[in-house]
Amino acid sequence: MQTRTRTLAISLFTALLVAGCGSSDAPSTGPAGDGNGGGNGGGVAPGRTLSVPIGANATQEAIEAFIRARPGDTIRFDCGFYDLTSTLLLTQTEGVTIKGCGMDETVLSFRNSDGVEGLLIDEVRGVVIEDLTVADPAGNGIEMRNVDHGTVRSVRAFWSSGGGRESPNPVTADNYAGDDSPLHVACTDPATQDPDSSLFNGPNADISSPDYTVSDKAGRYGIYPVKSKNILIEETESIGASDAGIYVGQTSTAIIRNSRAAYNVFGFEIENVRHGEYAYNLAECNTGGFLIYDLDNLTQYGERTIMHHNVSRMNNTYNFTSGGFVANVPQGSGMITLAYDRIDVYDNEFIDNDTGGIIHASYELFPEGAGRPTDNKIDFYTEGMRIYRNTFRNNGNGIKLPRFNDLTSLDIAKFLPAIVGLKTATACLVNPGTCPRGAGELGLRGAHIVWDGLLPDYDPDCPYPVDAQGNPLPEEANFPGKPRHTNEEPQPSCHYNAYKFDTDLPDNPRKKPLFFSSCIDADNDFSSDSLTYTNFRGTKGLEAVLALIGDSPLQDLLNLRNILQGLPQFAASLDMGPHDCVAEYGENLEPIDPVVIPPFVPSGELDPAPSEEEVAALCNADVAPGEVNFAAAAVNCPTLSQYNLFQDAEDPTSEPNGRSFPFVLNTKLFSDYSVKYRVAYLPPRQQMTYAAPEATQPSGTMVFPTGTILAKTFSFASGGDEDHVETRLLIKRETSNGGTRWAGLPYIWRTNANGERVAELQMRGQNGIQARWNFEDVNTGERLQGATDNYSVPTANQCLSCHANQDLEPGSAPIGPKVRNFNRAYASESMVVTDQSRHPIAGNNQIAWLCDNGYMTGCPSDLGVDPNTQIATNLARLPKFNVPGDAGFPAGSDEDIEARTRAWLEVNCQHCHNPRGFAANTGYYLDVFRPVDVSYGICKGPTATGAEGSGGRTVDVKPMDADGSILAYRLGPEADTPAAQMPPIARSVVHTQSHALIRDWINNVVVADDSRYPGSESCAGN
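Residues numbered from 1 in each chain as written. Predicted model: local features only at pLDDT ≥ 70, side-chain atom pairs only at ≥ 80, totals over all residues. Heavy atoms only, no water.

Peer 1: I keep staring at the overall build of the protein chain and nothing clicks. Help me out?
Peer 2: Summing up its helical and strand segments, the protein chain has 16 helices and 42 strands in all. Relative to its full complement of 1022 residues, the protein chain shows a buried share of 60%. For the protein chain, the exposed surface amounts to about 37,400 Å²; the carbon and sulfur share of it is 48%. (Helix = DSSP H or I, 4+ residues; strand = E, 2+ residues; numbered from the N terminus. Buried < 20%, exposed > 50% of the residue type's maximum accessible area, 1.4 Å probe, protein only. Areas by Shrake-Rupley, 256 points an atom, 1.4 Å probe, with all protein chains shown as cover.)

This is the structure we're talking about:
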């Protein structure tokens, strides 16, 4: 028994070396105000009530309501249980309320949904979601992106016990109501040990809870506003999220109050928030209660959060997630802060948290390649935290040793409590009589307040950061001298920190208390059953102690004197004196200003929906043969033929009417091997404007005149025939206030009762369409064969989620017609000869033809068109991704493979993955002008993918390891769920050719060499 114990102890120390080196009765409102500013009031006129009845058509009715919603409208769900089969997306509107009968009375279940999110709110101003429960989505419960003034009130996000949508006992229409509803989850006894570590767990292992069973199969975030502003979350609840329950990230001005989070990995999370507030919340039975921190490589870095009148108790559930930063959260954490400046923590209660009440850590604690950022913009350290008038009871007394699986995985989340416990226990040994009796396994203990003791030294050689033009970055208003970073500036070469030090004085002393870790005031109430404070000094001293462990008990005995002499270096410090800021520095930190959400003011930019009579009059107007019905472009016509776009109304490949031209792209968006027919229609006497903004605006396209109609038909070719499935329109409309807005309309082709082919408007899209293909690729001659039963036509709102970028024109702006993707000769994508393939533009460089024929103005004087290739050599150009050598480099060379890979990623992913797009919050951007560094995914950890989205991988692109890269996984066959596959819309099969190219690029081109791929050495071999 002694030999086995000794072996386990040595294994633990060895693993530590590797890891270290490399509701409540709160008042209904808090002091931040009544929250009216967070809603859709403030002058929005009453609108319509769009009711969604329960029944077999509830999903379609809900999608229609979310598409139709205009300023002042309310989308109303009945009392009862909804079984919904798709994400409900609200976008590009304002002043809308989404409402049920109450969080116990209206349940929106997404257990059978083919979408990732439950409710998704994107690019909306003034939205209120209230009085309902969202249950069992694959990903996030309620997600808000790019929302200004969003309120979530009296809402629950819930995953069924034991697996979420895969639970054997899910919440259903039969059990959701009543006092014994599974929606009502108590917190009495959380499971503290992972059942999957059963090889180490004994018969008395604490692997289950009588209240709720957590699962990594649950979705990621419960309530999830991100990249937004003026957010209010109140009287809400989240149960079971495998990441964070109630979260606000990359947001300015946010309040979370009067809410409860239980059995999530993190209960509450404020990430990269500028001016946030936690008030009157309850976090219990999570892995960690409250988190205030910054992540790296994101759109903004946070500062100033207030945390008051909250309760954090019994947050001891084992960490049940995988992937992302939250996988590093140690269980038993009442509150954690990391890399975030200025926090006020007052009038809170921290009770029964096994590792610590407050854990104050830094990124320096994490090994390189295992959690430590490579981003030089992020400050690793939280500084300027003030802790006062809080109550602490029984914290840090339940630290447990890592389990068997933890020893083999070297998971820092599992080792951190042991590091804290070992070093603090050593301090108690060195200072007998200092610590209270009773602690966790083998006497390991934390404390009411735990600090890693790490602070940066002054770097005199690091210059002030500059922007892309070489100009100094602006300073943070609340931190003089501190540069205000975003991820749109170049990566600095070092961590600038001169603002933390008084460089005018000898020895450059630190400016205290602002740039010291924290002020801990004397008015906190610490119970005597726990150690008050421990500074465990990071991983310092681990190496020295491990080096003293011999190969035999005799050698251990001989080294005993050296071991005892080394203990003070290894031991934590229990002296809280340096945190008495008044005594030590003569001043305390001034309180942070309260968070105030200003009233919502409607923009007036959105027009009301036209009447049925107006639509009928415009769409049914007589039009001369060969002319486009441009007057009808102002409205959504029920059938495609009413716009009179094609000479043969039944054939979208026939000659286009009006002033029009077909066009193709060098590399196109993949949509289940469909071929595309694209046609642009310009109003009479109107011209396009040449624009090639390139790196300054990589999403930008050529500029189309108001009234333009862009048509794209998706067809499947097989045996010489083609089945036209859908035609999507983008129409540039003038708004009543003189602006413009692009509308996206999906039309689905059907055969009517008269045997005629007709394309009908279907704003709610359609899933489960059968499609087959068997044709030769026009670029390569490769025979492409396959079939799917799940081709999908996106909803009008899904079109917006891809086409709406904040740096483009409003609405569903075009994303394909960029100069660099137009720079080629026109040739149809299909081998089938059509009227469009015989258009006069055929065989000519598309840009030159448009300029020469009066379709485009502002053209460069010399395009440099090669008469043989019809490529304009003086213009930028994307290569055809599947033609080796088309990028101008030797076929198969590293440069050729990378250029073609980047072309495919830009066309298929960049419209979301850019600093102003739908996926801006990820910090993962894919335009062809960006250096291939961390922002391009090289060794970049995921922001919010969850277990399904990461597939167990830890970085987006791992050099020379496609199997270990999230990018290759999400594009490949293993990613077979909605939460995993990318791109997420209009593809149901793997694009085999691009997937092979991207794997080739990662495996054979992306090497671990920081001089070629900055940041690549940080994860190589891990």
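Once the structure has been displayed, the description carries forward.
Peer 1: Teacher, can you tell me more about the state of the cysteines here?
Peer 2: Disulfide: a covalent bond connecting the sulfur atoms of a pair of cysteines. Here the structure, examined in full by the defined rule, presents eight disulfides. The disulfide that involves Cys 187 links it to Cys 285, with 1.9 Å between the sulfurs. Measuring the twist about the S-S bond at about 80 degrees, one finds the Cys 187-Cys 285 disulfide to be right-handed. Highlighted residues: Cys 187 in the loop between β8 (148-158) and β9 (223-226) and Cys 285 in the loop between β17 (282-284) and β18 (288-293), separated in sequence by 98 residues. One disulfide bridge connects Cys 851 with Cys 859, the sulfur atoms lying 2.0 Å from each other. Because the sign of the S-S torsion sets the handedness, a value of about -95 degrees for the bond joining Cys 851 and Cys 859 places this disulfide among the left-handed ones. (Disulfide = S-S within 2.5 Å.)

Peer 1: Looking at this structure, I do not really get the environment of Glu 898. What am I missing?
Peer 2: By secondary structure assignment, the location of Glu 898 is in helix α13 (residues 894-910). Separated by 103 residues in sequence, Glu 898 and Trp 1001 have C-alpha atoms that sit 6.2 Å apart. Setting aside residues no more than four positions away along its own chain, Glu 898 makes contact with Val 932, Trp 1001, Val 1005 and Tyr 1013. In this structure the side chain of Glu 898 is engaged in a polar contact, spanning 2.5 Å, whose partner is the side chain of Tyr 1013. (Contact = heavy atoms within 4.5 Å. Polar contact = N/O pair within 3.5 Å; in protein donor to acceptor, adjacent residues only side chain to side chain.)

Peer 1: What should I look at first to understand the packing of aromatic side chains in this one?
Peer 2: Any aromatic ring pair is given by two values, namely how distant the centres are and how the planes are angled relative to each other. Here the structure, examined in full by the defined rule, presents 34 aromatic pairs. Following the ring pairs from residue to residue traces out a cluster consisting of Phe 661, Phe 663, Phe 822, Trp 849 and Tyr 855. Across the ring face of Phe 570, the terminal group of Lys 423 is positioned such that the distance to the ring centre comes to 5.8 Å. (Phe/Tyr/Trp six-rings, centres within 6.5 Å; stacked < 30°, edge-to-face > 60°. Lys NZ or Arg CZ within 6 Å of the ring centre and 35° of its normal.)

Peer 1: Please clarify how the environment of Leu 183 should be interpreted in this entry.
Peer 2: Relative to the helices and strands, Leu 183 is located in the loop between β8 and β9. With a relative accessible area of 1%, Leu 183 lands in the buried category. Along the sequence, Leu 183 and Ser 161 sit 22 residues apart, while their C-alpha atoms lie 9.3 Å from each other. The residues touching Leu 183, leaving out its near neighbours within four places in the chain, are Val 107, Thr 133, Arg 156, Phe 158, Val 171, Tyr 176 and Glu 237.

Peer 1: Explain unusual backbone geometry here, please?
Peer 2: In terms of backbone geometry, most residues other than glycine have negative phi values and most peptide bonds are trans. Cis rather than trans, the peptide bond between Lys 512 and Pro 513 has omega equal to 10 degrees. Mapped onto the elements of the fold, Pro 513 is located in the loop between β29 (479-483) and β30 (518-520). The residue Cys 939 is not glycine, and still its phi comes out positive at about 60 degrees. Along the chain, Cys 939 falls in the loop between α13 and α14 (946-950). The class for Cys 939 is buried, based on a relative accessible area of 10%.

Peer 1: Would you take a moment to explain the pattern of salt bridges for this structure?
Peer 2: Where charged atoms of side chains with opposite charge meet at close range, the side chains can pair. Scanning the entire structure with this criterion turns up 42 salt bridges. In this structure, Asp 354 and Lys 400 form a salt bridge, with 3.7 Å as the shortest nitrogen-oxygen distance. In this pair, Asp 354 sits in the loop between β23 (349-351) and β24 (356-361) while Lys 400 sits in the loop between β26 (391-393) and α3 (404-409), placing the two residues 46 residues apart along the sequence. Overall, Asp 354 belongs to the buried group, its relative accessible area being 15%. Between Glu 829 and Arg 678 there is a salt bridge, and its shortest N-O distance comes to 2.6 Å. Taken together, the residues Glu 829 in the loop between α11 (819-822) and α12 (846-852) and Arg 678 in strand β34 (residues 675-682) connect sequence positions 151 residues apart. This pair shows no difference in class: Glu 829 is buried, exactly as Arg 678 is. Linked by salt bridges that have partners in common, Lys 99, Glu 130, Asp 131, Arg 153, Glu 234 and Arg 257 make up one network. (Salt bridge = Lys/Arg side-chain N within 4 Å of Asp/Glu carboxyl O.)

Peer 1: Explanation requested: the packing of α13 against helix α16 (residues 992-1004) in the structure shown.
Peer 2: Taken N-terminus to C-terminus, the directions of α13 and α16 make an angle of 130 degrees; their axes are 9 Å apart at the nearest point. The angle between the axes of α13 and α16 places the two elements in the oblique class. As α13 packs across α16, the resulting crossing turns out to be left-handed. Between α13 and α16, the residues in contact are Asp 894, Ile 897, Glu 898, Arg 900, Thr 901, Trp 904 and Leu 905 and Ser 994, Leu 997, Ile 998, Asp 1000, Trp 1001 and Asn 1004, respectively. Considering only residue class, the contact of α13 with α16 consists of six nonpolar, three polar and four charged. (Axes fitted to C-alpha atoms, helices over the stretch in contact; angles between N-to-C directions. Parallel < 35°, antiparallel > 145°, perpendicular 65-115°, else oblique. Left-handed = near helix turned anticlockwise from the far one by under 90°. Nonpolar A, V, L, I, M, F, W, Y, C, P; charged D, E, K, R; others polar.)

Peer 1: Would you mind going over the pairing of β24 with me for this structure?
Peer 2: Regular strands have side chains that alternate between both faces of the sheet. With six of six residues buried, β24 lies mostly within the body of the structure. As paired strands, strand β21 (residues 333-338) and β24 are joined by five bridges and run parallel to one another. Bridging across to β24, Ile 336 finds its partner in Ile 359. Of the pairings in the sheet, the one linking β24 to strand β27 (residues 447-451) comprises four bridges and is parallel in character. Its bridge partner lying in β27, His 360 is registered against Trp 451. (Pairing = 2+ DSSP bridges.)

Peer 1: How do you make sense of the nonpolar core when you look at a structure like this?
Peer 2: Note that soluble globular proteins tend to have their nonpolar side chains buried in a common cluster. One finds Ile 75, Phe 77, Ile 129, Met 335, Tyr 363, Leu 645 and Leu 729 to be the most contacted residues of the largest nonpolar core, which totals 154 residues. Looking at this core element by element, the count peaks at eight residues for strand β6 (residues 119-135). Ignoring anything within four residues of it in the chain, the contact list for Phe 77 reads Val 52, Ala 62, Phe 66, Tyr 82, Leu 88, Ile 98, Lys 99, Gly 100, Cys 101, Thr 106 and Leu 108. Ile 748, Ala 771, Ile 897 and Leu 997 belong to the second largest nonpolar core, which has 42 residues in total. (Core = buried A, V, L, I, M, F, W, Y, C linked by side-chain atoms within 4.5 Å.)

Peer 1: Quick question: what am I supposed to make of α16 here?
Peer 2: Turn by turn, an α-helix covers 3.6 residues, leaving residues three or four places apart pointing in a common direction. Taking 1.5 Å per residue, 13 residues should reach 18 Å; α16 reaches 18 Å between its end C-alpha atoms and fits that length. Within the sequence span of α16, burial applies to Ser 994, His 995, Leu 997, Ile 998, Trp 1001 and Ile 1002. Taken around the axis of α16, the buried residues stretch over an arc of 160 degrees, which confines them to a single face. (Expected span 1.5 Å × (residues − 1). Arc of directions from axis to C-beta.)

Peer 1: Is there a simple way to explain the side chain of Thr 639 in this structure?
Peer 2: Within the element layout of this structure, Thr 639 appears in the loop between α9 (612-619) and β33 (659-663). Side-chain polar atoms of Thr 639 contact the side chain of Ser 641, separated by 3.3 Å. Contact partners of Thr 639, with chain neighbours within four places excluded, come to Tyr 747, Val 758 and Ala 759.

Peer 1: I would appreciate a short explanation of the environment of Asn 175 in the present structure.
Peer 2: Locating Asn 175 in the fold gives a position in the loop between β8 and β9. When the C-alpha atoms of Asn 175 and Phe 81 are compared, they prove to be 9.9 Å apart, with 94 residues separating the residues in sequence. In this view, Asn 175 contacts Pro 170, Ser 181 and Pro 182; residues no more than four positions away in its chain are not counted. Reaching out from Asn 175, the side chain makes a polar contact with the backbone oxygen of Pro 170 at a distance of 3.1 Å.

So yeah, pure geometry; function would need other evidence.
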